[in-house]
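# Chains, contacts and geometry: an overview
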Amino acid sequence: MPIGSRRQKNGRGRSCISPMDAQTKEIRKLTTLIEISQTLSGTPRLKAALQRVLEILARHHGVIRSAVMLLSDQTGDLYIEACSGLTADGQRARYRVGEGITGRVVESGKPVVIPQVSREPMFLNRAGQRKDLHKRELTFICMPIVINRKPVGALGVDLNFRRDLDYEHALKFLGVVASMIAQAIKVNRLVDAEKQSLLDENIHLREELRERYDFSNIIGNSGPMRQVYEQVAQVAGTNTTILIRGESGTGKELIAHAIHYNSPRAKKALIKVSCAALPDSLIESELFGYEKGAFTGAQDRKKGRFEMAGGGTLFLDEVGDLNVSTQVKLLRVLQEREFERLGGTETIKVNVRLIAATNQDLEKAIAGGAFREDLYYRLNVFTIFVPPLRERKPDVMLLADHFLEKYSIEHGKRIKRISTPAIDMLMSYHWPGNVRELENTIERAVLVCDGNVVHGHHLSPTLQTAEASGTVMSISLTEAVEAYEKDLILDALKTTRGNRAKGAKLLNTTERIINYKVKKYGVDCDRFRS
């Protein structure tokens, strides 16, 4: 049934509308609007949704040809986003704003009705479909598509010309359709903008992670660490299984991050699993997943960490704590690159790079039967030993300065440096907790420090206890006071670059007393001037 109400003539020659026909047409229009609404909301791709809307108009309302034209963000011209009844050449038509009927509709934001297209000189006919106007007259209606009071396109339809066509009803109906299309376009653009924002954020975060975990940014330039850097550079670009060994707190996870974010798999996920943190009853389901009903409480299927790391890297921390039954399954994954979920029979192929880490003596565990020898050889393809902090003493102050800056910013303090006595304490300590203990020590010092310099008494009691540091000595009170006095003088002279007068002023004493103490304690002022 064509758009618009058909008018019938009564006995007096006047046109009238049959009440039954009018009711039927209104029902048809409402049905069409519902169908269009469902199409626009239920079709994920905008172009496909618009195409179906135009087909609905053709099927139910006698539309011969139709097109939805939108403004291009790049050129500012109007292009055909979706159409019905146009040839391939017609679909490539372009209009400038203000050009032709469609261009003027978009420019003005007002609808236009051309009752007889053949009599309209402004009609450009770029779609090339109206060459037979001498045989069949057409009516063209063009409605603006408006978003936020700004025209962004137009809906144009061709109808067979009829003298009794009710243009007012036709405009109202097509105006509602154009409004629904505008809303769909607005929602689509918001979704696209959100997707782009998330994509940009994802790219930014990945670049941030890449920079953060770039092995060139790992702190330390001692000989043992330079060897670690060389090993990371050698293996990062490959898919080789890696075993990272070292004491707790040495930074094994940081090395794993550096390898992943400098590998071809950097754009995929890095999934981390702490084998020591999960009980034996859960570790298998966490690694390999489970099927619905596999055990009590398994309400739905769950992917394991191996599936989640597909295409990326799986980091197994403390792999030496895995139970023997899980070791068997892990060995199969490393050999065959496949596994089954807990309670399932479907074989799942995986493409995952494995990085394992442990602080245990695996050779001793193999001898004791706690770790499988065949799994050890599968993991031990390329081994990286991370040295303990006591073996990389040149890195202690580099790390301490880094943590001092980090936690000063984090806790809103303006701490500029670490005093000389405190440096001596840091350098003489044997650091059984490695870098993790050093980090915690500096954070505590920042928290308790009430000035802009970290002193020895700000450090944790562990460093100040002789038994803990292995520096037990018996001194008298006089010797202890003299040692503290010497530390204060050394710190003042370091601050003033060996200037005794300024040092005396800093300690609120006289230069004569400072000269006496310097001579008494054998302090070399010249070493502070360089």
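Residues numbered from 1 in each chain as written. Predicted model: local features only at pLDDT ≥ 70, side-chain atom pairs only at ≥ 80, totals over all residues. Heavy atoms only, no water.

## Let's talk about the sheet that holds strand 14 (residues 353-358)
The parallel open sheet is built from 5 strands, whose spatial order is 10-11-14-9-15. Only two strands of the sheet have a single neighbouring strand rather than two, namely strand 10 (270-274) and strand 15 (382-385). Within the sheet, the average angular offset between the axes of one strand and its neighbour, ignoring direction, is 20 degrees. Pairing analysis gives 4 bridges linking strand 9 (residues 242-245) to strand 15, with the strands arranged parallel. Bridge pairing links L243 to T383 in strand 15. In this fold helix 7 (residues 252-261) packs onto strand 9, strand 10, strand 11 (313-317), strand 14 and strand 15, with an angle of close to 150 degrees to the strand it touches most, strand 9. (Pairing = 2+ DSSP bridges. Helix = DSSP H or I, 4+ residues; strand = E, 2+ residues; numbered from the N terminus. Axes fitted to C-alpha atoms, helices over the stretch in contact; angles between N-to-C directions. Contact = heavy atoms within 4.5 Å.)

## Re a nonpolar patch on the surface
The grouping of Y484, L488, L506 and L507 at the surface amounts to a nonpolar patch, some 370 Å² of accessible area in total. Turning to its location among the elements, Y484 is positioned in helix 18 (residues 477-495). (Patch = residues over 30% accessible without salt bridge, like charges linked within 9 Å, V, L, I, M, F, W, Y side chains within 5 Å. Areas by Shrake-Rupley, 256 points an atom, 1.4 Å probe, with all protein chains shown as cover. Salt bridge = Lys/Arg side-chain N within 4 Å of Asp/Glu carboxyl O.)

## Comments concerning the pattern of salt bridges
Under the criterion given, the structure shown has 22 salt bridges. Between E168 and K172 there is a salt bridge, with its nearest N and O atoms 3.7 Å apart. Here E168 and its partner K172 are both found in helix 5 (residues 167-212), 4 residues apart, which amounts to about one turn of the helix. Take K172: its relative accessible area is 56%, and that puts it in the exposed class. Residue K517 is joined to E485 by a salt bridge in which the shortest nitrogen-to-oxygen separation is 3.3 Å. Of this pair, K517 sits in helix 20 (residues 511-521) while E485 is found in helix 18, placing the two residues 32 residues apart along the sequence. (Buried < 20%, exposed > 50% of the residue type's maximum accessible area, 1.4 Å probe, protein only.)

## Some details on the confidence of the model for the chain
Confidence along the chain averages 85 in pLDDT terms, with 90% of residues attaining 70 or more. Mean pLDDT values over the elements of the chain span from 46, in helix 17 (residues 466-469), up to 96, in strand 9. Throughout residues 6-15 the model reports pLDDT below 50, and contacts reaching past four residues in sequence, or to other chains, amount to 18 contacts. (pLDDT = per-residue confidence, 0-100.)

## Things to note about the nonpolar core
Among the nonpolar cores identified, the biggest contains 33 residues, and I36, L40, V68, I145, L155, V177 and I181 are the most heavily contacted of them. Of all the secondary-structure elements, those providing two or more residues to this core are helix 1 (19-42), helix 2 (46-61), strand 3 (65-71), strand 7 (138-147), strand 8 (150-160) and helix 5. Dropping the residues within four chain positions of it, I181 is found in contact with L40, L50, V53, V68, I145 and L155. Residues F288, F306, V352 and A365 belong to the second largest nonpolar core, which totals 29 residues. (Core = buried A, V, L, I, M, F, W, Y, C linked by side-chain atoms within 4.5 Å.)

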